[in-house]
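# Understanding the architecture of this molecule
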Amino acid sequence: MRALWSGEMIEHHGEFYDVAPVEMNPPVIEPVPVLVGGTSDAALRRAARNDGWISDLMSTPDAIEVRRQIDGHRAEYGTADRDFSMVVSLDDAFDVDGYHQAEDGGITDILTMPWVFYAGFTEELQPKLDGIKRFAEDIAAKMAD
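Reference entry: report on the structure contained in this document. Quick caveat, the model's predicted, so the values are computed rather than measured. Residues take numbers from 1 onward in each chain, read along the sequence in its written order. In keeping with the model being predicted, local features are shown solely for residues with a pLDDT of at least 70 and side-chain atom pairs are shown and tallied solely at 80 or more, while totals for entire chains, interfaces and linings include all residues. Working from all heavy atoms in the structure, the side-chain values ignore hydrogens and water.

### Remarks on the sheet that holds strand S3 (residues 35–37)
Paired strands, in this sense, are two strands between which DSSP finds at least two bridges. Runs of H or I in DSSP of at least four residues are treated as helices and runs of E of at least two as strands, each being numbered from the N terminus. If you trace the four strands from one edge of the open sheet to the other, you get S3-S4-S5-S6, paired in parallel fashion. Two strands close off the open sheet at either side, each with one partner strand: S3 and strand S6 (109–110). Pairing of S3 with strand S4 (residues 52–58), which is carried by three bridges, proceeds in the parallel orientation. Looking across to S4, one finds that Gly-37 is bridged to Ile-54. On the sheet, helix H3 (residues 60–77) packs against S4 and strand S5 (85–90) and is oriented at approximately 160° with respect to S5. Only heavy atoms matter for contacts: two residues are in contact if any of them lie within 4.5 Å across the pair. Axis definition: a line fitted to C-alpha atoms, over the contacting stretch in the case of helices. Angles run 0 to 180 degrees between N-to-C directions.

### Section: the nonpolar core
As used here, the term nonpolar core means buried Ala, Val, Leu, Ile, Met, Phe, Trp, Tyr and Cys residues forming a set that is joined through side-chain atoms within 4.5 Å. Residue burial is assigned from relative accessible area. The probe radius is 1.4 Å, only protein chains are included, and a residue is buried under 20% of its type maximum, exposed over 50%, and partly exposed in between. Trp-53, Val-66, Ile-70, Met-86 and Val-88 are the most contacted members of the largest nonpolar core, which has 20 residues in total. The set of elements that each furnish at least two residues to this core consists of helix H2 (41–48), S4, H3, S5 and helix H4 (96–104). Not counting residues up to four positions away in its chain, the partners in contact with Met-86 are Trp-53, Ala-63, Val-66, Arg-67, Ile-70, Gly-106, Ile-107, Thr-108 and Asp-109.

### Observations regarding the pairing of S5
Successive residues of a regular strand alternate their side chains across the two faces of the sheet. Among the six residues in S5, five count as buried, and that is most of the element. Summarising the sheet, S4 and S5 pair through five bridges and their orientation is parallel. Residue pairing for S5: Trp-53 is matched across the bridge by Met-86. Crossover handedness for the path S4 to H3 to S5: right-handed. Pairing of S5 with S6, which is carried by two bridges, proceeds in the parallel orientation. The partner of Val-87 across the bridge, within S6, is Asp-109. Handedness of the crossover is the feature at issue here: the chain leaves S5, passes through H4, returns alongside S6, and the resulting connection is right-handed. Here, the term right-handed applies to a crossover whose path from the first strand over the helix to the second runs clockwise when the strands point away from the viewer.

### Digging into the side chain of Arg-67
Mapped onto the elements, Arg-67 comes out in helix H3. Polar contact criterion, stated in full: a pair of N or O atoms within 3.5 Å, where within protein one must be able to donate a hydrogen and the other to accept it, and residues adjacent in sequence count only if both atoms are side-chain atoms. A polar atom in the side chain of Arg-67 sits 2.8 Å from the backbone oxygen of Gly-106. Setting aside chain neighbours within four positions, we find Arg-67 in contact with Arg-74, Phe-84, Met-86, Gly-105, Gly-106 and Thr-108.

### Observations concerning the pattern of salt bridges
When a carboxyl oxygen of Asp or Glu lies within 4 Å of a side-chain nitrogen of Lys or Arg, that pair is called a salt bridge. In total, this model carries seven salt bridges according to the counting rule given. The closest approach of N and O atoms between Arg-67 and Asp-71, which form a salt bridge, is 3.0 Å. Highlighted residues: Arg-67 and Asp-71, both in helix H3, separated by four residues, approximately one helical turn. In this structure, Asp-138 and Arg-134 form a salt bridge, with 3.1 Å as the shortest nitrogen-oxygen distance. Here Asp-138 pairs with Arg-134, and both are found in helix H6 (residues 125–138), just four residues apart, close to one helical turn. Taken together, the salt bridges that share partners define one network made up of Asp-41, Arg-45 and Glu-76.

See below:
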């Protein structure tokens, strides 16, 4: 993908994909971060060679352990000095302290459905809006404190 984003003519003939000569224009001006998902060792190693990792729903301790594993791979690959994003959906961070614990463990970004904390899984719009507002007041506004 990075080669394709360069705007140069590229082609690829690999084990799994065969791409005839192609050029993408206009080229990408700003770098596009590549986030990798998956929990296998191969996936975590792939993430360590790229710009970040994105999770499925997991606990904070599990996410911190994944960060530790990826950081070990990053040290091995010589990529530890580059910015790295950890985008995680946490199933146990329900208050400011929980989010600070995640941040202290190297989690950089959170994916959440805040209405679930307050109204559970619902298809109704108003409880979702109320949950987002309450999350903004209970959590987001206090994160800078």
